[in-house]
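Topology and contacts: notes
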Amino acid sequence: MVPLIKPILEVMMPVLMDVTFDYHKSVFAAALGAFSKNILLYMDDIEKRPQTTVTKESFANEMDIAYDLLFNKWLEKTESPLNIIKVEALGYCTTLMPKDSLEIELPRLIPGILLLDKFQSEHLVITRSLCQIVATAINMGSKSLGTQLETKNPQTRLGTLSVLKQIIRAVPSQLERRKVQIVAELKLVLLDNNNNVKKLIVETIAAMALEGYLDLEGGRIMVEFVMKQYVLCTDSCNQIPLDIDEDQVTHEDLSRICEVMMFTLTALESMEDVLWPFLLHITLAQYTKGLTMVSPCLTQLAKKKLQAGDEKYFLIYKQRTNFPNPQALLTLLLVIAGCPCEGEGRGAAALRLLQAMSLNIHAATVQRWEEEIPLLVNNLVETSEKPLSQQEWEERLILLLSKTLETIDDEQWTCQLIDEITQQISISHSYPQQKGFLYKCLGMVLHHSGSTDIKRKIGQMLQSAQHREAVEREGVAVGIGFCSITNFEATFSSLMDYNNLNLLKKSRSSLHVDKDESDLEVDNAESTLVLCSGYLEINAPPDLLLSQTENHILPLLNDQLSQLGQRLKEESQDLTLTFSLIKSVTLIARAVQSSSRTFPSSFSRKSELLKYMQQLIEAEPTELLQTPIRPLAMNACLHLVQLNPQLNEADQCQLIKSCLRSIFSLVPVDPNQDQDGTPLNPGGRYLYSDSVAALYCLLKQLLLQNLSPEGLQTIYKYVETWIISPRDYERERARAMDCLYILLKIQACSEGVNPDEQYEQEGILRRIDQQLVSTDTTVLFKGCSELAQLISQHLPRDQLANLLFMLFKGLVDHQPSSSNAAAVTLKAVVKRRGLELEDQLSEILEALHLQMAAITQQEVTLTVLQTFTLLTSQHLPAVVRCLLMFPVGECTSAIWRSVAKKTQLAATSLKQMMQYPNRSVAFSERSHSVTEDESPDPRAVTCAVYEMVSEPESAEAVNTLYSDLFTALLTHLGSSIYVNVPSDFIPCCELEQSENPSTTAVCRSRELCLSSVETLRAVLNRAHNEVVVDFVQEKGGWDLMLDPHTHHKGIALLARAMSLFNEHQLVGIVVDLAPVLSTTQVDQKATVAAFFAELLKCTSISHMLLTNTLVDSLLMGLLDSTLAVRLLCIRGLGNIPIGVPGLMERHASDLLAAMSNILQGKDYHEEEFMTEVTSTLSKILDQFSVNAIGPIYIELTKGIRSFFEF
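Here the structure is a predicted model, which means the values were calculated and not measured.

Time to look at the overall build of the protein. A tally of regular secondary structure across the protein gives 61 helices and zero strands. Here the protein, with 1206 residues, has 51% of them falling under the buried criterion. A fraction of 74% describes how many contacts in the protein between residues 6 or more apart in sequence connect residues 24 or more apart. Carbon and sulfur atoms make up 53% of the accessible area of the protein, which amounts to about 57,400 Å² in all.

Moving on to the packing of helix H10 (residues 195-210) against helix H12 (residues 251-267). Packing of H10 against H12 brings their axes to within 10 Å, and their N-to-C directions diverge by 10 degrees. One element, H10, and the other, H12, form an angle in the roughly parallel class. For the pair formed by H10 and H12, the contact residues are Asn 195, Lys 198, Lys 199, Val 202, Ile 205, Ala 206 and Ala 209 on the first element and His 251, Leu 254, Ile 257, Cys 258, Met 261 and Leu 265 on the second. Classifying every residue of the contact of H10 with H12 gives nine nonpolar, two polar and two charged.

Let's shift gears to helix H48 (residues 962-975). Along its 14 residues, H48 runs 20 Å from first to last C-alpha, staying within 8% of the 20 Å computed at 1.5 Å per residue. For H48, the buried fraction is high: 13 of the 14 residues fall into the buried class.

With 220 residues, the main nonpolar core has Val 223, Leu 279 and Met 613 as its most contacted residues. The element that contributes the greatest number of residues to this core is helix H29 (residues 576-598), accounting for nine residues. Listed in part, the 116 residues of the second largest apolar core include Phe 808, Cys 882, Val 1032 and Val 1111.

With that settled, the discussion passes to the environment of Gln 148. Mapped onto the fold, Gln 148 is located in helix H7 (residues 144-150). Residues Gln 148 and Glu 185 lie 37 residues apart in sequence; the distance between their C-alpha atoms is 9.8 Å.

Taken as a whole, the second largest pocket holds about 1,200 Å³ of empty space. For the second largest pocket, the lining is made up of 34 residues, of which Gln 391, Glu 474, Leu 531, Tyr 535 and Lys 583 are closest to its centre. Those elements giving two or more residues to the lining of the second largest pocket turn out to be helix H20 (390-408), helix H22 (432-448), helix H24 (470-484), helix H26 (517-538), H29, helix H31 (629-640) and helix H33 (687-705). Here the element with the most residues in the lining of the second largest pocket is H29; it accounts for eight residues. Of the residues belonging to the lining of the second largest pocket, the class tally is 16 nonpolar, nine polar and nine charged.

Here the structure, examined in full by the defined rule, presents seven aromatic pairs. Here the aromatic rings of Phe 805 and Phe 808 are separated by 5.7 Å at their centres, their planes lie at 90 degrees, and the arrangement is edge-to-face. Residue Phe 805 and its partner Phe 808 are both found in helix H39 (residues 800-810); the two are separated by three residues, about one turn of the helix. Judged by relative accessible area, Phe 805 falls into the partly exposed class, the value being 27%.

Counted by the stated rule, this structure contains 26 salt bridges. The residue Lys 304 makes a salt bridge to Glu 272 at a minimum N-O spacing of 3.8 Å. In this pair, Lys 304 sits in helix H15 (residues 291-308) while Glu 272 sits in helix H13 (residues 272-275), placing the two residues 32 residues apart along the sequence. A relative accessible area of 24% means that Lys 304 is categorised as partly exposed. We classify Glu 272 as buried; its relative accessible area is 14%. Glu 608 is the partner of Arg 605 in a salt bridge, and the nearest nitrogen-oxygen pair spans 2.5 Å. The class for Arg 605 is buried, based on a relative accessible area of 16%.

So, on to the side chain of Asp 192. You can see Asp 192 is positioned in the loop between helix H9 (179-186) and H10. On the basis of relative accessibility, which here comes to 13%, the residue Asp 192 falls in the buried class. Within the structure, Asp 192 has its side chain in polar contact with the backbone nitrogen of Asn 194 (distance 2.7 Å). Those residues within four positions of Asp 192 in sequence are excluded, and the remaining contacts are Arg 157, Val 197 and Lys 198.

The next subject is the side chain of His 639. Positionally, His 639 belongs in helix H31. With relative accessibility at 16%, the residue His 639 sits in the buried group. In this structure His 639 touches Thr 586, Ala 589, Arg 590 and Gln 593, once residues within four positions along its chain are discounted.

Helical geometry note: an α-helix holds 3.6 residues per turn, so side chains three or four residues apart project in the same direction. In this model, H12 (17 residues) spans 24 Å end to end at C-alpha, consistent with the 24 Å of a helix rising 1.5 Å per residue. Buried residues of H12: Leu 254, Ser 255, Cys 258, Met 261, Met 262, Leu 265 and Thr 266, and no others. Around the axis of H12, the buried residues are gathered within 135 degrees of arc, so they sit on the same side.

Moving on to the confidence of the model for the protein. Residue-level pLDDT values for the protein average 79, and 79% of them are 70 or greater. Of the regions scoring below 50 in pLDDT, residues 507-515 engages in four contacts with residues more than four places distant in sequence or in other chains. Low confidence marks residues 679-683, where pLDDT is under 50. Its contacts with residues over four positions away, or in another chain, come to eight contacts.

This next bit is on the packing of helix H41 (residues 841-852) against helix H42 (residues 858-874). Relative placement of two packed helices is described by the angle separating their axes and the distance separating the axes. The geometry of H41 relative to H42 is characterised by a closest axis approach of 11 Å and an angle of 160 degrees between their N-to-C directions. As summarised for this structure, H41 and H42 are arranged roughly antiparallel, according to the angle between their axes. Two packed elements cross with a definite hand, and for H41 against H42 that hand is left-handed. Across the interface between the two elements, Leu 841, Leu 845, Leu 848, His 849 and Met 852 from H41 touch Thr 861, Val 864, Leu 865, Thr 867, Phe 868 and Leu 871 from H42. Of the residues belonging to the contact of H41 with H42, the class tally is eight nonpolar, three polar and no charged.

Looking at the element boundaries, Ser 358 is found in helix H18 (residues 358-361). Each C-alpha atom of the pair Ser 358 and Arg 368 lies 9.6 Å from the other, and the pair is 10 residues apart in sequence.

Once that is clear, we can look at unusual backbone geometry. Between Trp 276 and the following residue, Pro 277, the backbone shows a cis peptide bond with an omega angle of -5 degrees. The omega torsion of the bond from Asn 644 to Pro 645 falls at 0 degrees, within 30 degrees of zero and hence cis. If you trace the backbone, Pro 645 turns up in the loop between H31 and helix H32 (649-664).

A few words now on the environment of Val 941. The residue Val 941 is located in helix H46 (residues 938-949) in this model. Residue Val 941 is classed as buried on the basis of its relative accessible area, which comes to 11%. The spatial distance from the C-alpha of Val 941 to the C-alpha of Arg 881 is 9.6 Å, given a sequence separation of 60 residues. Ignoring sequence-local partners within four residues, the contact set of Val 941 consists of Leu 884, Met 913 and Pro 936.

Nonpolar side chains collect at one region of the surface, where Leu 306, Phe 314 and Leu 359 lie side by side and expose about 240 Å² of accessible area between them. As for its placement among the helices and strands, Leu 359 is situated in helix H18.

The rules behind these values
Residues numbered from 1 in each chain as written. Predicted model: local features only at pLDDT ≥ 70, side-chain atom pairs only at ≥ 80, totals over all residues. Heavy atoms only, no water. Helix = DSSP H or I, 4+ residues; strand = E, 2+ residues; numbered from the N terminus. Buried < 20%, exposed > 50% of the residue type's maximum accessible area, 1.4 Å probe, protein only. Contact = heavy atoms within 4.5 Å. Areas by Shrake-Rupley, 256 points an atom, 1.4 Å probe, with all protein chains shown as cover. Axes fitted to C-alpha atoms, helices over the stretch in contact; angles between N-to-C directions. Parallel < 35°, antiparallel > 145°, perpendicular 65-115°, else oblique. Nonpolar A, V, L, I, M, F, W, Y, C, P; charged D, E, K, R; others polar. Expected span 1.5 Å × (residues − 1). Core = buried A, V, L, I, M, F, W, Y, C linked by side-chain atoms within 4.5 Å. 1 Å grid on protein atoms, 1.4 Å probe; cavity = no way out; pocket = protein on both sides within 12 Å on 5 of 7 lines; lining within 4 Å. Points joined across faces, edges and corners; volume = space filled by probe spheres on them. Phe/Tyr/Trp six-rings, centres within 6.5 Å; stacked < 30°, edge-to-face > 60°. Salt bridge = Lys/Arg side-chain N within 4 Å of Asp/Glu carboxyl O. Polar contact = N/O pair within 3.5 Å; in protein donor to acceptor, adjacent residues only side chain to side chain. Arc of directions from axis to C-beta. pLDDT = per-residue confidence, 0-100. Left-handed = near helix turned anticlockwise from the far one by under 90°. Patch = residues over 30% accessible without salt bridge, like charges linked within 9 Å, V, L, I, M, F, W, Y side chains within 5 Å.

What follows is the structure, given as structure tokens:
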């Protein structure tokens, strides 16, 4: 049927020119597509074709017209579902078009379809049609593909590359003859800067690699493109784009694609010869930043070739003029490995590649590197979170180099390595870090070399170094130090020659007033020489070190050290030389210390060097921290103090004081700003922490020099000043918490504490350390409490009192948190260990009481009161006695109130106070020292009782001890007043008081009496006897008690109130008071007599069975030698007929006998006295019968008669 299609098309074409409806267009488009597809199928099957005369060219004219209709007239420029049918038909029709027409149309056709792809949803049909079009163009040798790639339109390039990639994958056989052309045309877009275009280029290169395109000329350019894009994108990954398009390929995306692409290429067997050693060459020559990515690829390629026995693994250096030789290859990879943190693991990648290239460098290195390099790589991987310092890492690489040279043991090879390192140094002018490392490598190679040209090489090192760069100065010094291990004489001679040359330059520059850059370079070169001196020492043989130090090295440094003081006075000084001097002194001290272990010796210049370092520390301003002189100089002192001879005490003390003042007195600033408010550089914010660390290490070393309690005390006495400093920042820097941690650890070790328990203590301390820096008061209090518990648990007994006295000082700290912490710790220690304080209890109580008056924080005062309460519960008699000996005041009152809040403790304390005898002596001021023989003053006891019963919590204790308290206070009340003969017994004219020395004593007696009265009232109120208090108050009884002449009246009112409102307590009170009348205390007996006398007047006592006790007591009082007591007793006996008349007969004989004895006495014939006697007798006689009076009638008559005779 295909031969018949042409006539059909001839008829259709005129008709199609007039089609206007879209539906008709889509139908005809589908028909044209179907015709074209079947024609192509017919042409491909040559054997079944009946007519060989029918060719593609037979349909060229018709298809040219069809193309014009489909593309130029029918194809919509906007989204339309009918466009898909038309585009699919275009794909088939273009394969049958005339070649010249298609060549003309391709520049318009491809972009047009690509633009259409942006609006249509059916991308598969459009892509398939494009592939057909491009494949046709390639087969006919069209140059339009190159034209499309050359266009500057990104969309056109993207479409063309996408189509090309698909064609290479889909129809590789049809492009076999066009591979070279395709590679050449792809080169046209390699300079495009659009990441989307680059991504498609990489993907196209991947497709080309699979089909063998990269084996051709220009294929390596494609590989280099991938490598270049990875490096460029890796550098740009850290840059944040200002405007991110969702469809835009980022640098990170492109970098990842290139990495995957490189691994894909490496895995292809066909690419091995393309990549090896080309990839190695371009990496080392231009793209070392891509080594992290390419190293695994190169390592894999190397292993493949070695396993396959491919001789191409071995590099023929003579045939590759631009390729580095083994020594250069080793140097390059070591330099890259020297910066392990750069390039996302570039150092580890360089080491892995170095191991893979071992046979190409030297056959002897294979086994050595198999042992050493994996360990180095593991070090980098394991320390990724906390990386090694640059210096430590370089030392490990230098050690690898040293072992490598020992393994190779080839002088000629080593000399070539020296040349390569020297060459690499000359081209690394802009990379000081690399140059510094290369100098170290060169020094180590010179150490292993037997070359006689050492002086020249060292001269070159010194001449080529940029001495203003610290890393180069350090590198040169370290390298020269390595070289001196086996070539000391030549090395030292070279240094002296360079020093002389430098001095000559310096003398010339001194003629100029202003220093230029060359002059500064001379000074920096001098710093390098100073550093070299130190590294010569650190590498010197132990047996020769001391002689070299004193004969060669220190003389070389004498001028610089002697001018150190002058340099410090210069306002604008370059500190480079100062830093170098400190570093050199440190190295010298380390070297001498190391050699002393094998060859014990005494370093005569130790004291001199220490003074230089101390001079540097003291010269640093205390108001700011801008340079690392402090930590560096302290580090030098750290090593110097370990040398012999030992420091004397004066020098050690001065060193400690200087270092502490230099660090602790620094004024704090914002951690992100300098003292003048300018932002700190990245290293500046660590300067303070380094300084503090250096100070701690020095103090630790000084303690190790005298590891004993005395040595610790020597250091502590200087640190203590800063611990209790009023400045918060100075106190914080003393780091008391760290000291405590170490002390507890030392104690645990000395006591043989179980490791598990010790570990638990350390964990507790770490947790407490975090709690103590919290701003939450609850967390802070908890941390203090836990710390106090830990201290009290582990503190030795002999240090317990000392700790308490130190805590007393902390109670008045100006910082609330510190004073609270001291109080909390004090309470915890006393609570746990208070029972162990009996030997020093008096001193502790006095010191704490004295300090309490100075406390300003209410919370601290409360905690201290609780501490007193704890001590009272632990040592009741001793504490109560001590407290009673203290002056009466606010602090003492607060203590008694605190004790009263504990019911049981209040009861025992009150009972203890009741045991002290009442003394009728006035209160006198006493010293703070308490002696065992001294008794508490009555007023102190009264005040203590008053304060305790004033607390509501003491109610239970007061009720329990009610009778004891009442009795004691009543007798004390009697002791507090000078009880004279009652006023109603004395004429009014005799009541006037004269001015005499006893006035003051009387006033003091009134104060004591008032105190006793107030205390007694407080006890009654606390025992809920307010009605008693009010009754006496209404009758004026309390005031009457204060006057010696009316005292007995006030007591009588109290007795009456007690009998009326509190009679159930009278039994115990009377029993306790009765023995008082037989004591020697006159005032107390008078008070009791007045109390008993009034009770006999009360009718309520009859049923309490108290009459016998009262009468017996008053009868005994009649025998007293004191007139006032006898009078009160006589009056009381006269009250019996009033209160208990029914009991008169029981006591008749005793009463009448007593009255008869009084009447017959010859010492008391005063009218007033006899009046009271006769009055009392008349009351009694009225109650007795004749039979009761009869036996003594005669005696009574005689007594009365003598009264009338008078």
